[in-house]
Amino acid sequence: MSDRPEARLGSPPLPTPRGTLSAGVVSALAHGRPVPGPERAAEADPYGDDLHLALYVLYELHYQGFDGVDDDREWDPGLLALRRALEHCFLTALRVDVPPPVSAKEALDELQIEPVGHDGASVSHYLQRDGEPGQLAEYMALRSLYHLKEADPHAWVIPRLHGRAKAAMVAVEYDEFGAGRPEEIHAGLFADLMEDLGLETVYGHYLDATPAEALATVNLMSLFGLHRALRGALVGHFAAVEVTSSPGSRRLAKALRRTGAGPAAVRFYDEHVEADAVHEQVVRHDVVGGLLESEPALEPDVVFGVQATTLLEDRLAATLLTAWHDGRSALRAPA
(Lines give C-alpha, C1' and ligand atoms only; values in the text may rest on other atoms or scores of the structure.)
Protein backbone atom coordinates (compact mmCIF):
# COMPACT_ATOMS: atom_id res chain seq x y z
CA MET A 1 0.00 0.00 0.00
CA SER A 2 1.21 3.50 -0.80
CA ASP A 3 2.04 6.16 1.77
CA ARG A 4 -0.94 8.34 0.74
CA PRO A 5 -3.23 9.54 3.56
CA GLU A 6 -5.94 7.14 4.65
CA ALA A 7 -8.93 7.87 2.39
CA ARG A 8 -11.50 7.72 5.20
CA LEU A 9 -9.87 9.80 7.91
CA GLY A 10 -12.07 12.78 7.09
CA SER A 11 -15.73 13.26 6.20
CA PRO A 12 -16.62 14.42 2.68
CA PRO A 13 -18.50 17.63 1.91
CA LEU A 14 -22.23 17.52 1.35
CA PRO A 15 -23.12 16.93 -2.32
CA THR A 16 -24.89 19.19 -4.80
CA PRO A 17 -28.67 18.48 -4.67
CA ARG A 18 -30.50 16.98 -7.64
CA GLY A 19 -34.09 17.86 -6.78
CA THR A 20 -36.39 18.97 -4.00
CA LEU A 21 -35.88 15.94 -1.74
CA SER A 22 -32.08 15.96 -1.86
CA ALA A 23 -32.08 19.76 -1.60
CA GLY A 24 -34.22 19.52 1.53
CA VAL A 25 -31.94 16.93 3.11
CA VAL A 26 -28.77 18.86 2.31
CA SER A 27 -30.31 22.11 3.57
CA ALA A 28 -31.46 20.46 6.79
CA LEU A 29 -27.97 19.09 7.43
CA ALA A 30 -26.02 22.15 6.34
CA HIS A 31 -28.20 24.93 7.72
CA GLY A 32 -30.56 23.35 10.25
CA ARG A 33 -33.62 24.04 8.11
CA PRO A 34 -36.78 21.92 8.48
CA VAL A 35 -36.59 18.38 7.12
CA PRO A 36 -38.92 17.70 4.15
CA GLY A 37 -42.09 15.90 5.23
CA PRO A 38 -42.27 12.15 4.59
CA GLU A 39 -45.25 12.66 2.30
CA ARG A 40 -42.90 14.25 -0.26
CA ALA A 41 -41.34 10.84 -0.93
CA ALA A 42 -44.51 9.55 -2.59
CA GLU A 43 -43.96 11.97 -5.48
CA ALA A 44 -40.42 10.78 -6.25
CA ASP A 45 -39.14 8.49 -8.99
CA PRO A 46 -38.12 5.36 -7.03
CA TYR A 47 -35.07 4.92 -9.26
CA GLY A 48 -34.34 8.60 -9.84
CA ASP A 49 -31.46 10.90 -8.98
CA ASP A 50 -33.33 12.97 -6.40
CA LEU A 51 -34.55 10.07 -4.27
CA HIS A 52 -31.29 8.14 -4.42
CA LEU A 53 -29.08 11.08 -3.61
CA ALA A 54 -31.31 11.95 -0.64
CA LEU A 55 -31.27 8.33 0.51
CA TYR A 56 -27.51 8.03 0.03
CA VAL A 57 -26.87 11.14 2.13
CA LEU A 58 -29.16 9.85 4.89
CA TYR A 59 -27.41 6.47 4.90
CA GLU A 60 -23.96 8.06 4.98
CA LEU A 61 -24.83 9.53 8.38
CA HIS A 62 -24.40 5.93 9.63
CA TYR A 63 -20.98 5.56 7.97
CA GLN A 64 -18.57 8.46 7.60
CA GLY A 65 -20.93 11.42 7.95
CA PHE A 66 -20.31 14.77 6.27
CA ASP A 67 -18.00 17.67 6.94
CA GLY A 68 -19.67 20.21 9.21
CA VAL A 69 -22.62 17.95 10.08
CA ASP A 70 -22.99 17.05 13.76
CA ASP A 71 -22.73 13.32 14.42
CA ASP A 72 -25.96 13.50 16.46
CA ARG A 73 -27.92 14.03 13.24
CA GLU A 74 -27.54 10.29 12.61
CA TRP A 75 -30.58 9.69 14.83
CA ASP A 76 -32.57 12.84 14.06
CA PRO A 77 -36.27 11.77 14.18
CA GLY A 78 -37.26 13.95 11.22
CA LEU A 79 -34.48 12.59 9.03
CA LEU A 80 -35.33 9.02 10.03
CA ALA A 81 -39.00 9.57 9.18
CA LEU A 82 -38.08 10.87 5.74
CA ARG A 83 -35.64 8.01 5.23
CA ARG A 84 -38.35 5.49 6.05
CA ALA A 85 -40.66 7.04 3.46
CA LEU A 86 -37.91 7.04 0.81
CA GLU A 87 -37.12 3.42 1.60
CA HIS A 88 -40.78 2.48 1.27
CA CYS A 89 -40.92 4.08 -2.18
CA PHE A 90 -37.75 2.27 -3.29
CA LEU A 91 -38.70 -1.10 -1.79
CA THR A 92 -42.21 -1.01 -3.25
CA ALA A 93 -40.81 -0.48 -6.75
CA LEU A 94 -38.28 -3.28 -6.31
CA ARG A 95 -40.91 -5.75 -5.12
CA VAL A 96 -43.01 -4.95 -8.19
CA ASP A 97 -40.12 -5.18 -10.64
CA VAL A 98 -38.20 -8.28 -9.53
CA PRO A 99 -39.05 -11.57 -11.29
CA PRO A 100 -41.46 -14.11 -9.79
CA PRO A 101 -39.92 -15.84 -6.75
CA VAL A 102 -38.00 -19.09 -7.07
CA SER A 103 -36.08 -21.18 -4.55
CA ALA A 104 -32.84 -19.82 -3.10
CA LYS A 105 -30.92 -22.60 -4.86
CA GLU A 106 -32.46 -21.68 -8.21
CA ALA A 107 -31.77 -17.98 -7.70
CA LEU A 108 -28.10 -18.63 -6.91
CA ASP A 109 -27.71 -21.18 -9.71
CA GLU A 110 -29.00 -18.61 -12.22
CA LEU A 111 -26.19 -16.25 -11.20
CA GLN A 112 -23.62 -18.81 -12.29
CA ILE A 113 -24.89 -18.98 -15.86
CA GLU A 114 -22.26 -17.07 -17.81
CA PRO A 115 -23.22 -15.38 -21.10
CA VAL A 116 -21.95 -17.04 -24.26
CA GLY A 117 -19.29 -14.72 -25.61
CA HIS A 118 -19.93 -10.99 -25.35
CA ASP A 119 -23.69 -10.73 -24.99
CA GLY A 120 -23.81 -6.94 -25.13
CA ALA A 121 -25.23 -6.60 -21.62
CA SER A 122 -22.19 -7.31 -19.45
CA VAL A 123 -19.97 -4.42 -18.39
CA SER A 124 -17.04 -6.66 -17.47
CA HIS A 125 -17.18 -8.45 -20.85
CA TYR A 126 -17.26 -5.10 -22.64
CA LEU A 127 -14.38 -3.67 -20.63
CA GLN A 128 -12.30 -6.82 -21.10
CA ARG A 129 -12.67 -6.70 -24.88
CA ASP A 130 -13.24 -3.07 -25.88
CA GLY A 131 -12.99 -0.85 -22.82
CA GLU A 132 -10.85 2.26 -23.12
CA PRO A 133 -8.74 3.56 -20.22
CA GLY A 134 -11.16 6.44 -19.65
CA GLN A 135 -14.11 4.05 -19.44
CA LEU A 136 -12.28 1.89 -16.92
CA ALA A 137 -11.54 5.01 -14.89
CA GLU A 138 -15.23 5.99 -14.98
CA TYR A 139 -16.24 2.53 -13.82
CA MET A 140 -13.81 2.62 -10.92
CA ALA A 141 -14.86 6.15 -9.95
CA LEU A 142 -18.51 5.24 -9.59
CA ARG A 143 -17.76 1.91 -7.90
CA SER A 144 -15.62 3.79 -5.35
CA LEU A 145 -18.77 4.81 -3.45
CA TYR A 146 -18.99 1.19 -2.34
CA HIS A 147 -15.45 -0.15 -2.62
CA LEU A 148 -13.93 2.53 -0.37
CA LYS A 149 -16.18 1.10 2.35
CA GLU A 150 -16.15 -2.45 1.01
CA ALA A 151 -17.83 -5.02 3.27
CA ASP A 152 -18.99 -2.37 5.77
CA PRO A 153 -22.70 -2.53 4.79
CA HIS A 154 -22.71 -6.31 5.11
CA ALA A 155 -21.23 -6.14 8.60
CA TRP A 156 -24.57 -4.80 9.90
CA VAL A 157 -26.07 -8.29 9.53
CA ILE A 158 -23.59 -10.08 11.79
CA PRO A 159 -25.44 -9.45 15.10
CA ARG A 160 -28.64 -10.68 13.40
CA LEU A 161 -27.31 -14.10 12.45
CA HIS A 162 -26.80 -17.23 14.54
CA GLY A 163 -24.63 -20.33 14.62
CA ARG A 164 -23.26 -21.57 11.31
CA ALA A 165 -24.45 -18.54 9.33
CA LYS A 166 -22.83 -16.09 11.74
CA ALA A 167 -19.53 -17.98 11.91
CA ALA A 168 -19.31 -18.20 8.11
CA MET A 169 -20.28 -14.56 7.60
CA VAL A 170 -17.60 -13.42 10.03
CA ALA A 171 -15.02 -15.63 8.29
CA VAL A 172 -15.73 -14.01 4.92
CA GLU A 173 -15.80 -10.50 6.37
CA TYR A 174 -12.50 -11.21 8.12
CA ASP A 175 -10.91 -11.74 4.70
CA GLU A 176 -12.56 -8.58 3.33
CA PHE A 177 -11.04 -6.60 6.18
CA GLY A 178 -7.54 -7.88 5.51
CA ALA A 179 -7.43 -10.98 7.74
CA GLY A 180 -5.81 -8.96 10.50
CA ARG A 181 -3.42 -7.06 8.19
CA PRO A 182 -4.44 -3.42 7.70
CA GLU A 183 -2.47 -3.16 4.46
CA GLU A 184 -4.67 -5.91 2.99
CA ILE A 185 -8.08 -4.34 3.75
CA HIS A 186 -9.96 -4.47 0.46
CA ALA A 187 -11.11 -0.87 0.72
CA GLY A 188 -7.46 0.15 0.94
CA LEU A 189 -6.55 -2.02 -2.02
CA PHE A 190 -9.24 -0.28 -4.04
CA ALA A 191 -7.83 3.12 -3.06
CA ASP A 192 -4.46 1.87 -4.36
CA LEU A 193 -6.18 0.87 -7.61
CA MET A 194 -7.68 4.37 -7.92
CA GLU A 195 -4.32 5.99 -7.30
CA ASP A 196 -2.78 3.77 -9.98
CA LEU A 197 -5.40 5.03 -12.46
CA GLY A 198 -4.88 8.67 -11.55
CA LEU A 199 -8.18 8.95 -9.69
CA GLU A 200 -8.84 10.85 -6.47
CA THR A 201 -8.85 8.45 -3.53
CA VAL A 202 -10.71 10.64 -1.00
CA TYR A 203 -13.82 8.91 0.32
CA GLY A 204 -16.97 10.13 -1.42
CA HIS A 205 -15.10 12.31 -3.90
CA TYR A 206 -17.09 11.10 -6.92
CA LEU A 207 -20.56 11.34 -5.39
CA ASP A 208 -21.60 14.31 -7.53
CA ALA A 209 -20.43 12.48 -10.65
CA THR A 210 -22.26 9.23 -9.90
CA PRO A 211 -25.63 8.60 -11.61
CA ALA A 212 -28.72 7.31 -9.81
CA GLU A 213 -28.30 3.80 -11.20
CA ALA A 214 -25.00 3.42 -9.35
CA LEU A 215 -26.26 5.13 -6.19
CA ALA A 216 -29.14 2.65 -6.11
CA THR A 217 -26.76 -0.33 -5.99
CA VAL A 218 -25.02 1.16 -2.94
CA ASN A 219 -28.26 2.22 -1.28
CA LEU A 220 -29.66 -1.29 -1.64
CA MET A 221 -27.05 -2.85 0.63
CA SER A 222 -27.40 -0.07 3.20
CA LEU A 223 -31.18 -0.50 3.15
CA PHE A 224 -30.90 -4.25 3.72
CA GLY A 225 -28.11 -3.92 6.27
CA LEU A 226 -29.79 -1.32 8.48
CA HIS A 227 -33.05 -3.24 8.93
CA ARG A 228 -33.17 -6.42 10.97
CA ALA A 229 -36.41 -7.33 9.18
CA LEU A 230 -34.42 -7.44 5.91
CA ARG A 231 -31.56 -9.64 7.17
CA GLY A 232 -32.55 -12.39 4.74
CA ALA A 233 -32.42 -9.94 1.84
CA LEU A 234 -28.98 -8.73 2.96
CA VAL A 235 -27.73 -12.33 2.96
CA GLY A 236 -29.19 -12.73 -0.53
CA HIS A 237 -27.45 -9.58 -1.68
CA PHE A 238 -24.15 -10.73 -0.18
CA ALA A 239 -24.51 -14.11 -1.87
CA ALA A 240 -25.21 -12.46 -5.24
CA VAL A 241 -22.08 -10.33 -4.91
CA GLU A 242 -19.84 -13.24 -3.93
CA VAL A 243 -21.19 -15.68 -6.53
CA THR A 244 -20.63 -13.25 -9.41
CA SER A 245 -17.43 -11.64 -8.17
CA SER A 246 -14.75 -14.12 -9.22
CA PRO A 247 -15.53 -14.37 -12.97
CA GLY A 248 -16.27 -10.65 -13.22
CA SER A 249 -13.05 -9.80 -11.41
CA ARG A 250 -11.07 -12.01 -13.77
CA ARG A 251 -12.42 -10.09 -16.76
CA LEU A 252 -11.72 -6.71 -15.13
CA ALA A 253 -8.15 -7.77 -14.30
CA LYS A 254 -7.67 -8.68 -17.96
CA ALA A 255 -9.13 -5.32 -19.02
CA LEU A 256 -6.74 -3.44 -16.76
CA ARG A 257 -3.75 -5.42 -18.04
CA ARG A 258 -4.80 -4.87 -21.66
CA THR A 259 -5.01 -1.11 -21.16
CA GLY A 260 -1.66 -0.87 -19.38
CA ALA A 261 -2.84 -0.21 -15.83
CA GLY A 262 -0.29 -0.48 -13.04
CA PRO A 263 0.20 -3.45 -10.71
CA ALA A 264 -1.85 -2.01 -7.83
CA ALA A 265 -4.88 -1.64 -10.11
CA VAL A 266 -4.59 -5.20 -11.36
CA ARG A 267 -3.93 -6.58 -7.90
CA PHE A 268 -7.31 -5.54 -6.51
CA TYR A 269 -9.16 -7.73 -9.00
CA ASP A 270 -6.61 -10.55 -8.94
CA GLU A 271 -7.20 -10.72 -5.18
CA HIS A 272 -10.96 -11.04 -5.73
CA VAL A 273 -10.59 -13.78 -8.34
CA GLU A 274 -8.93 -16.05 -5.80
CA ALA A 275 -10.64 -14.98 -2.58
CA ASP A 276 -14.19 -14.82 -3.92
CA ALA A 277 -14.00 -18.22 -5.55
CA VAL A 278 -13.60 -19.58 -2.02
CA HIS A 279 -16.09 -17.15 -0.52
CA GLU A 280 -18.76 -18.24 -3.01
CA GLN A 281 -18.84 -21.76 -1.60
CA VAL A 282 -18.77 -20.57 2.02
CA VAL A 283 -21.62 -18.13 1.39
CA ARG A 284 -23.78 -20.62 -0.51
CA HIS A 285 -23.40 -23.54 1.87
CA ASP A 286 -22.82 -21.93 5.24
CA VAL A 287 -24.15 -18.35 5.23
CA VAL A 288 -27.27 -18.95 3.12
CA GLY A 289 -27.54 -22.61 4.08
CA GLY A 290 -27.04 -21.89 7.77
CA LEU A 291 -29.55 -19.04 7.77
CA LEU A 292 -32.26 -21.10 6.05
CA GLU A 293 -31.57 -24.06 8.32
CA SER A 294 -32.26 -21.91 11.39
CA GLU A 295 -34.87 -19.58 9.84
CA PRO A 296 -36.45 -21.30 6.81
CA ALA A 297 -39.22 -18.70 6.60
CA LEU A 298 -36.60 -16.20 5.36
CA GLU A 299 -36.07 -17.97 2.03
CA PRO A 300 -38.31 -15.55 0.06
CA ASP A 301 -36.33 -12.66 1.50
CA VAL A 302 -33.02 -14.25 0.49
CA VAL A 303 -34.35 -14.69 -3.05
CA PHE A 304 -35.61 -11.10 -3.09
CA GLY A 305 -32.13 -9.91 -2.10
CA VAL A 306 -30.57 -11.86 -4.98
CA GLN A 307 -33.13 -10.68 -7.51
CA ALA A 308 -33.13 -7.02 -6.45
CA THR A 309 -29.32 -6.99 -6.70
CA THR A 310 -29.47 -8.42 -10.22
CA LEU A 311 -32.17 -5.97 -11.27
CA LEU A 312 -30.19 -2.92 -10.16
CA GLU A 313 -26.90 -4.19 -11.57
CA ASP A 314 -28.62 -4.77 -14.93
CA ARG A 315 -30.01 -1.22 -14.87
CA LEU A 316 -26.55 0.15 -14.13
CA ALA A 317 -24.98 -1.95 -16.89
CA ALA A 318 -27.51 -0.65 -19.43
CA THR A 319 -26.76 2.95 -18.43
CA LEU A 320 -23.00 2.50 -18.72
CA LEU A 321 -23.01 0.57 -21.98
CA THR A 322 -25.49 2.91 -23.67
CA ALA A 323 -23.33 5.90 -22.83
CA TRP A 324 -20.09 4.27 -23.91
CA HIS A 325 -21.55 2.98 -27.19
CA ASP A 326 -22.78 6.52 -27.85
CA GLY A 327 -19.26 7.84 -27.29
CA ARG A 328 -20.08 9.85 -24.17
CA SER A 329 -19.26 9.73 -20.49
CA ALA A 330 -21.44 7.57 -18.26
CA LEU A 331 -20.86 9.92 -15.33
CA ARG A 332 -22.74 13.09 -14.53
CA ALA A 333 -19.37 14.85 -14.68
CA PRO A 334 -16.32 13.20 -16.27
CA ALA A 335 -13.80 11.67 -13.85
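Since we're looking at a predicted model, the values are computed, not measured.

Engineer: Report on the packing of helix α3 (residues 77-97) against helix α10 (residues 212-225), specifying residues and quantitative values.
Structural biologist: Contact geometry for α3 and α10: axes closest at 12 Å, N-to-C directions at 105°. If you check the angle between α3 and α10, you find them roughly perpendicular. Across the interface between the two elements, Glu 87, Phe 90, Leu 91 and Leu 94 of α3 pack against Ala 216, Asn 219, Leu 220, Leu 223 and Phe 224 of α10. Along the lines of polarity and charge, the residues of the contact of α3 with α10 split into seven nonpolar, one polar and one charged.

Engineer: Which residues make up the environment of Gln 64, and what values do they have?
Structural biologist: By secondary structure assignment, the location of Gln 64 is in the loop between α2 (49-60) and α3. Remark: the alpha-carbon pair of Gln 64 and Gly 10, spanning 54 residues in sequence, is separated by 7.8 Å.

Engineer: I'd like a description of helix α6 (residues 133-147), backed by residues and values.
Structural biologist: For α6, the principal kink sits at Ala 141 and spans about 25°. For α6, a buried count of 13 out of 15 residues is recorded, marking the element as mostly surrounded by other parts of the structure.

Engineer: Tell me about the packing of aromatic side chains, and please be specific about residues and values.
Structural biologist: Using the criterion set out here, one finds six aromatic pairs in the structure. Ring plane angle 90° and centroid distance 4.9 Å describe the contact between Phe 268 and Tyr 269, whose orientation is recorded as edge-to-face. Here Phe 268 matches Tyr 269 in class, with each residue buried. Above the face of the Tyr 47 ring, Arg 315 is positioned so that its terminal group lies 4.2 Å from the ring centre.

Engineer: Tell me about the nonpolar core, and name the residues and values.
Structural biologist: Ranked by internal contacts, the top residues of the largest apolar core, which has 70 residues, are Leu 86, Phe 90, Leu 94, Phe 224, Val 288 and Phe 304. If you tally residues by element for this core, the top one is α3, at nine residues. Setting aside residues up to four positions removed in sequence, Val 288 forms contacts with Leu 108, Val 235, Ala 239, Val 283 and Val 302. Counting residues in hydrophobic clusters, the runner-up holds 38 residues, among them Val 123, Tyr 206, Ala 214 and Leu 320.

Procedures and definitions
- Residues numbered from 1 in each chain as written.
- Predicted model: local features only at pLDDT ≥ 70, side-chain atom pairs only at ≥ 80, totals over all residues.
- Heavy atoms only, no water.
- Axes fitted to C-alpha atoms, helices over the stretch in contact; angles between N-to-C directions.
- Helix = DSSP H or I, 4+ residues; strand = E, 2+ residues; numbered from the N terminus.
- Parallel < 35°, antiparallel > 145°, perpendicular 65-115°, else oblique.
- Contact = heavy atoms within 4.5 Å.
- Nonpolar A, V, L, I, M, F, W, Y, C, P; charged D, E, K, R; others polar.
- Bend = angle between axes of the 7 residues up to and from the residue.
- Buried < 20%, exposed > 50% of the residue type's maximum accessible area, 1.4 Å probe, protein only.
- Phe/Tyr/Trp six-rings, centres within 6.5 Å; stacked < 30°, edge-to-face > 60°.
- Lys NZ or Arg CZ within 6 Å of the ring centre and 35° of its normal.
- Core = buried A, V, L, I, M, F, W, Y, C linked by side-chain atoms within 4.5 Å.

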